[in-house]
Amino acid sequence: MADGQIDSDSVTNALSTLKDPESGRSLVTMNQLKDIRVENGRLSLELALTTWAAPLWPDIQESIEEAVRSSFPQLAGVTVRRSIHNRPAAKLGEIGLTAKSVIAVGSGKGGVGKSTVAASLALGLKRAGCKVGLMDADVYGPSIPHLLGLSGRPTIEGERIRPIDKDGMPVMSMGFLVPKDEAVIWRGPMLHGAVTHWGDLDYLIIDMPPGTGDIALTLSQLLPLTGAVIVCTPQDVALLDAVKAIAMFRKVRIPVLGLVENMSGFVCPGCGQQHDIFGRGGARQRAEELVVPFLGDIPIQLLIREYGDEGRSDANFDDPAIAARLEGICYRLVKNLAHATAAAPRQPQLPVLG
Ligand code: ADP
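Residues numbered from 1 in each chain as written. Predicted model: local features only at pLDDT ≥ 70, side-chain atom pairs only at ≥ 80, totals over all residues. Heavy atoms only, no water.

Give a detailed account of the environment of Leu239, specifying residues and quantitative values.
Tracing the sequence through the fold places Leu239 in helix α7 (residues 236–251). Other than its neighbours up to four places away in sequence, Leu239 contacts Cys232, Thr233, Pro234, Gly282, Ala283 and Arg286. (Helix = DSSP H or I, 4+ residues; strand = E, 2+ residues; numbered from the N terminus. Contact = heavy atoms within 4.5 Å.)

Here it is, written out as structure tokens:
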């Protein structure tokens with residue numbers, strides 16, 4: 001193992017300050033850096049991380065490579081192999097939902113692209129490698145089935161409803177169970193997470209009803225939410241609505257994890273230029289004033305509307321410019337959650353050996 005001054009002890013020493021983004025605990029202590037070998041002047045090791053942190057995998061790998069290079073400049077190379085560190089989700093509250101983070105996507109009013117952002121968060125996190133479920137709780141107009149091109153009836157298994165599968169992602173919507181107009185009447189039982197069989201999730205993304213009315217408020221109290229993401233458009237009025245939505249979540253003590261500005265300018269399909277019809281940057285500034293993280297903006301893009309109407313919202317990720325925006329929002333959300341964990345690490349768990 002030894003190669004001059006470099007051996008597995010000196011490598012683990014050099015990496016001892018690096019933390020697992022989900023637990024906030026040392027990667028070394030938790031046995032997530034394994035199989036450290038130095039051969040022919042090259043270092044190789046295995047880095048085991050949880051799927052919860054998938055959007056941050058490249059960052060952590062880079063930090064390891066940098067720390068190794070600066071501590072051992074004599075090395076000819078570093079190879080980091082990634083593997084999955086299994087850390088099961090705990091059951092949340094009394095409703096039997098097994099998820100690590102439950103994220104509500106809300107807005108001050110309808111039509112700002114809340115469902116589009118909720119679907120994009122779910123799809124983006126899933127594509128990065130996380131285990132994700134998507135719940136459409138917008139009882140006024142359940143549009144997730146439409147945006148994802150899903151239909152059919154969920155089956156009942158025992159006392160639970162099995163969600164509809166979208167390429168490995170469980171999706172539940174009142175729209176699967178009852179005609180659209182009746183969804184608002186039937187909301188209670190389905191929205192109570194206990195009746196849906198989600199399986200083990202890193203993230204459950206919830207498309208909330210718009211606004212700050214009774215239903216949104218009741219749901220915010222009923223669901224075991226980790227936090228909320230608020231979607232708004234750049235217009236002043238919409239921003240004032242967004243402020244009301246932030247106030248509602250704060251009132252019920254749900255952390256606001258960030259603000260997303262949607263329709264923040266129009267990208268002309270002809271010339272490719274962005275025109276800021278309603279102004280731009282308002283949400284970023286308002287987020288700063290309200291001490292809410294700004295997660296990113298999404299311009300008006302014809303493709304987003306077209307893919308949505310065709311039930312192919314996942315195709316947004318095939319367009320590099322749109323994908324970059326959506327992935328940036330997912331990345332910042334997880335990074336902020338990880339920062340919160342680092343500030344207050346979760347309870348230690350026994351390392352999974354081997
Ligand atoms: P909400 O959930 O707030 O009511 P939706 O997500 O259902 O809003 O979006 C309303 C409409 O606007 C949909 O047709 C959707 O495809 C479209 N849309 C949302 N965001 C954008 C965008 N950035 N560019 C173009 N169309 C968008």
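Could you give an account of the pattern of salt bridges, naming the residues involved and the relevant values?
On inspection of all chains with the given rule, the structure shows 17 salt bridges. When the shortest N-O distance is used, the salt bridge between Arg162 and Glu157 registers 2.5 Å. Within the structure, one salt-bridge network assembled from shared partners comprises Asp20, Glu22, Arg87, Lys100 and Asp202. (Salt bridge = Lys/Arg side-chain N within 4 Å of Asp/Glu carboxyl O.)

Can you lay out the sheet that holds strand β3 (residues 77–84) for me, pointing to particular residues and giving the numbers?
Taken together, three strands build an open sheet; the order of strands is β1-β2-β3 and the sheet is mixed. The open sheet has two edge strands, β1 (33–39) and β3, and neither has a second partner. Mean inter-strand twist for the sheet, computed between neighbouring axes without regard to direction, equals 15°. Here five bridges tie β1 to strand β2 (residues 42–49), and the two strands are oriented antiparallel to one another. Each residue of the ladder has a partner; that of Val38, found in β2, is Leu43. Along the sheet face, helix α2 (residues 57–71) touches β1, β2 and β3 and points at about 150° away from the line of β3. (Pairing = 2+ DSSP bridges. Axes fitted to C-alpha atoms, helices over the stretch in contact; angles between N-to-C directions.)

Which residues make up the site of the ligand, and what values go with them?
For the ligand, the set of nearby residues contains 15 residues, the closest of which are Gly111, Gly113, Lys114, Ser115 and Thr116. Here an oxygen atom of the ligand and a backbone polar atom of Val112 are 3.0 Å apart. The contact in question runs from a nitrogen atom of the ligand to an N or O atom on the backbone of Pro299, over 2.9 Å. Taken by itself the ligand offers 560 Å² of open surface, and the protein chains cover 83% of this. Residue assignment for the shell around the ligand shows that the elements contributing at least two residues are α3 (114–128), β13 (256–267), β15 (294–300) and α9 (302–309). (Near = heavy atom within 4 Å. Polar contact = N/O pair within 3.5 Å; in protein donor to acceptor, adjacent residues only side chain to side chain. Areas by Shrake-Rupley, 256 points an atom, 1.4 Å probe, with all protein chains shown as cover.)

So what's going on with the packing of aromatic side chains? Which residues, and what values?
Within this structure, the stated rule accounts for one aromatic pair. Seen from their ring centres, Trp52 and Tyr203 are 5.7 Å apart, and the 20° between their planes marks the pair as stacked. Of the two residues, Trp52 sits in the loop between β2 and α2 while Tyr203 sits in strand β11 (residues 201–207), which places them 151 residues apart along the sequence. Taking the relative accessible area as the measure of exposure, Tyr203 reaches 0% and is therefore buried. (Phe/Tyr/Trp six-rings, centres within 6.5 Å; stacked < 30°, edge-to-face > 60°. Buried < 20%, exposed > 50% of the residue type's maximum accessible area, 1.4 Å probe, protein only.)

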